[in-house]
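# Architecture at a glance
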Amino acid sequence: MATLSLKHLYKIYDNGTKAVNDFNLEIGENEFIVFVGPSGCGKSTTLRMIAGLEDITAGDFYIDGILANNLEPKDRDMAMVFQNYALYPHMSVYENMAFGLRIKHVPKDEIDSRIKDAAKILDIENQLAKKPKEMSGGQKQRVALGRAIVRKPKVFLLDEPLSNLDAKLRSSMRSEITRLHNVLGTTFIYVTHDQIEAMTMGTKIVVMEKGVIKQVDTPMNLYDYPANEFVAGFIGTPQMNFYKAKLHQEGEEIIISSSFKDVRTNLEAIKRIDILNIIKESNVVIGVRPEHIKICEEKDVNSIEAEIVVVEALGNESNIIVETLNGRTRFVIRTPRNDTYLVGQKIFISFDLSHVHIFDEDTQNTLLPRNQLTSTFKAKLVDDLHVEVLGKTFEITPYIKEALGENKELLVRINQSSIKEGKTFSLDFESKEKVGDLRIYCLKHAKEYLFYSSRDYIEGTVFEFDLRLSDLAFYDLKGNLLLDKFNPLNEVDGALEKARKELPVLSKSLIEEEVYEELKKNNFIGKGGKKLKAKIKKINVFNYKIFEKTVEPINNHIIKIYSLLGKRFAEHHIKFIIDANKINISEEGMFGGIVSKILDYIDEKYYFVQVDNKEILINAKETSFKEGETIKFDLINNEIGLIDTDFGVRII
Ligand code: ADP
């Protein structure tokens, strides 16, 4: 068993294809992870990086907490099963399974007992003498699985293992592999383009598109709470119905208006929406699953006139395809078996409003996430330094007041991160849900909702809290932003400048100092008694150029950047990411600048500092400064992030 951690992984092939883009995933012991997505979305590339068959362009990959980017495939203790079985045709099933173990010098008896155990699990005990060509596709795939099982790996990697099998066999092998996972109790990572395989086998599914993770979730959460239009459309057959609409509010009703109908709903039915989207009358895409559309006899305020254009009878159920009379928008409706509907028939349809999905037309992300991170409420300026929201008054600062301008009526957007311990606010729990290891709490204020999540169970019927000023956003009543949530990350343009440095090198590659020290301790003797040519060499690398000053990167960062950019580093455009909270204030600091503005959030203070026409935000912690004063500071070398803007890769 093993835990794997993939942090900001990227893969850029030599021809420039960006196959994997900022992939982040934690894989726990004994999980069955499925990577699913259309062909070419980067599933196999990610799996191959995990296996060590493909170099990682940027990012960190850990096995059991140990950095494994450069670990040889054979040292990763993983077994891979491929679509084309990859069996040796001239060897018997037994020999195929024994081969890898013989190379590793596993004793003969042990090999024999492992093969027999695996053959039993896979029900191929009486096939061991056969050659692969005498076997069916399904049996061959069992042998390929057997060959993986006998190695007793920490992790099984399966790359579309069932794609060559016919539909019936695929379905039975699906349950076989699930059973195998239960019997072996090992981490499985399974790649497929087939959403049914993903839904039926995975404990956790990673949906990918164009090298990017679109959602990581349990099968049911993917279906019920798709995070974006892509996942919503990818999971489920027949596909979710989509149409363009706009949202606005009339009294207590929320109107979803489209070319064919104004559908009326209320906040109760779409609790998870942040009302800022309604106030701004956002353009949205509505998604309705085929089973959430009803055909009704009688007309009511929300029914839509439509005509049946196709009836697909599937036996136990039917898919009825209709077009709205207004606007001719198509919908697929799933109904229980029904023989009465006919093509050409005029009917009324209506949506189950507690199950509609609403996506932002621009970002394509859901506006109804299961764990809604933001909620917006009406607020009022009571006096220059106090705002009333959620029925309570809280203190603001002159800095915030200035941003609010003349606005007295406001909207305050509360991010979940702005909720902190305290007793100023108190709301009733509307519901408490457990989702994985997270608890999601729905809190109610008048007819509006606020969501909060935590790993802890919170007892009682009321929730008391305070708000962290820096994480609030303020808007005018039309939804125009007045002051955004504070972002402590500075993006500073910079460059890499040539420098010569002494660094540890093994053959022609830079290696980490810890690796060099380890080699040195073992007198530079590698596996198999080979003498390794590791030495400290003076080579051409680089320093950081930030605010026209030279900052020396730490060696491990040099290695990461160098392994991606090589000698081309000087040509690339670089942005540094500097966290305002990770800057050291010091009289002797190598950087200096003038405070141009103070961002005062009562218990947190940030300073905008002008350094040579550029600006940087600094949290001065204990020290306090006034506008016009000089702040001297140092950057913390190992905390500086770096983005290559040409590749679009966050290297550090
Ligand atoms: P999937 O497994 O999801 O079908 P892949 O990981 O195989 O996708 O491929 C992701 C992208 O990377 C595709 O655009 C593919 O064409 C490209 N790609 C895969 N292997 C290579 C390679 N060796 N060289 C260049 N491009 C590659």
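The paragraphs below set out a description of the structure included in this document. Just so you know, these numbers come straight off a predicted model, no measurement behind them. (Residues numbered from 1 in each chain as written. Predicted model: local features only at pLDDT ≥ 70, side-chain atom pairs only at ≥ 80, totals over all residues. Heavy atoms only, no water.)

### Some thoughts on the sheet that holds strand β20 (residues 357-360)
Just so we agree on the cut-off: Strands are labelled as partners when DSSP assigns at least two bridges between them. Only DSSP runs of H or I reaching four residues or more are called helices, and only runs of E reaching two or more are called strands; each is numbered from the N terminus. A fitted line through C-alpha atoms represents every axis, and for helices the fit uses only the stretch in contact; the resulting angles, taken between N-to-C directions, go from 0 to 180 degrees.
Spatially, the five strands line up as an open sheet ordered β13-β12-β11-β14-β20, and their pairing is antiparallel. Each having just a single partner strand, β13 (262-266) and β20 make up the two edges of the open sheet. Taken over all neighbouring pairs, the strand axes of this sheet differ in orientation by 40° on average, direction set aside. Bridge count between strand β12 (residues 253-257) and β13: five bridges; the pairing is antiparallel.

### Structural notes on the site of the ligand
As a reminder of what qualifies: Nearness of a residue to a molecule or strand requires only that one of the residue's heavy atoms be within 4 Å of it. As used in this structure description, the phrase polar contact means that two N or O atoms lie within 3.5 Å; if the pair is within protein, one of them must be able to donate a hydrogen and the other to accept it, and residues adjacent in sequence are counted only when both atoms belong to side chains. We get accessible surface area from the Shrake-Rupley algorithm with a probe of 1.4 Å; when it comes to residues, only the shown protein chains can shield them. Side-chain classes follow a simple rule in which Ala, Val, Leu, Ile, Met, Phe, Trp, Tyr, Cys and Pro form the nonpolar group, Asp, Glu, Lys and Arg form the charged group, and the remainder, Gly included, forms the polar group.
Around the ligand sit Tyr13, Asn15, Thr17, Ala19, Pro38, Ser39, Gly40, Cys41, Gly42, Lys43, Ser44 and Thr45, and those are all the residues in its vicinity. In the model, an oxygen atom of the ligand is placed 2.7 Å from a nitrogen or oxygen of the serine 44 side chain. Here threonine 45 contributes a side-chain N or O atom positioned 2.4 Å from an oxygen atom of the ligand. Taking 560 Å² as the accessible area of the ligand by itself, protein coverage stands at 62%. Per element, the largest residue contribution to the shell around the ligand is three residues, and it comes from helix α1 (residues 43-51). Taken together, the residues of the shell around the ligand sort by class into four nonpolar, seven polar and one charged.

### Topic: the side chain of aspartate 194
Structurally, the position occupied by aspartate 194 is in the loop between β8 (187-192) and α6 (195-201). Polar side-chain contacts of aspartate 194 include one of 2.8 Å to the backbone nitrogen of isoleucine 196.

### Thoughts on the sheet that holds strand β24 (residues 409-415)
One open sheet holds the six strands; their spatial order is β23-β22-β21-β24-β29-β30, and the pairing between them is antiparallel. Every interior strand has two partners, whereas the edge strands, β23 (392-395) and β30 (481-483), have only one. On average, each strand axis in the sheet is inclined to that of its neighbour by 40°, with strand direction left out of account. Pairing of strand β22 (residues 386-389) with β23 involves four bridges; the strand directions are antiparallel.

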